[in-house]
Amino acid sequence: MATDLKARAIEFLQQAASGRAHAEAATHLAPGFRHHNPHFAGDGESLLAAMDKNAAQFPDKALTVMHAVQEGDLVSTLCHVRHTKEEAGWAVNHWFRFEDGKIAELWDLAQEIPQDSPNRNGPF
């Protein structure tokens, strides 16, 4: 496949984490983009607004992509997201479906990382 969809997905996540979700929407999102986060309406505008609001609320937010895989038009990422430097953060899995090189659908699942987890392997 000539298009590196993994790179496009990662770039979108990094831009969204830095408060540029709206600014990057035209570059990354397909017409009719929809998402499946149960906390927001399923349209793109609701999710973009929430992403930008979260980045403004947490200016030190850090997103590190730990793993990314691509199969056809699907990309999955496993990310370590920290809102502040002090917190252990979240393990977040994003699934992207692309159409014509742009994100058509997005799913995300998040798990808070406990400060005192008995699992020495950690989530990554």
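This text goes with the structure placed above it.
The shown structure was predicted, so the numbers you read here are calculated from the model rather than taken from an experiment.

**Points about the sheet that holds strand β3 (residues 74–82)**
The 5 strands lie next to each other as β1-β5-β4-β3-β2, forming an open sheet whose pairing is mixed. The sheet terminates laterally at β1 (29–35) and β2 (62–71), the two strands that pair on one side only. Sheet twist, expressed as the mean angle between neighbouring strand axes with direction ignored, is 20 degrees. Sheet topology note: the β2/β3 ladder contains 9 bridges and is antiparallel. Considered in β3, the bridge of His67 is made with Leu78. Across the sheet, helix α2 (residues 21–28) lies against β1 and β5 (102–112), angled at about 120 degrees from β1, the strand it touches most. Helix α3 (residues 44–57) rests against β1 and β5 of the sheet, and its axis sits at about 80 degrees to β1.

**Description of the environment of His67**
With respect to the helices, strands and loops of the structure, His67 is situated in strand β2. Along the chain, His67 and Asn93 lie 26 residues apart, while their C-alpha atoms are 9.4 Å from each other. Contacts of His67, omitting those with residues within four sequence positions, involve Ser76, Thr77, Leu78 and Phe124.

About the criteria used
- Residues numbered from 1 in each chain as written.
- Predicted model: local features only at pLDDT ≥ 70, side-chain atom pairs only at ≥ 80, totals over all residues.
- Heavy atoms only, no water.
- Pairing = 2+ DSSP bridges.
- Helix = DSSP H or I, 4+ residues; strand = E, 2+ residues; numbered from the N terminus.
- Axes fitted to C-alpha atoms, helices over the stretch in contact; angles between N-to-C directions.
- Contact = heavy atoms within 4.5 Å.

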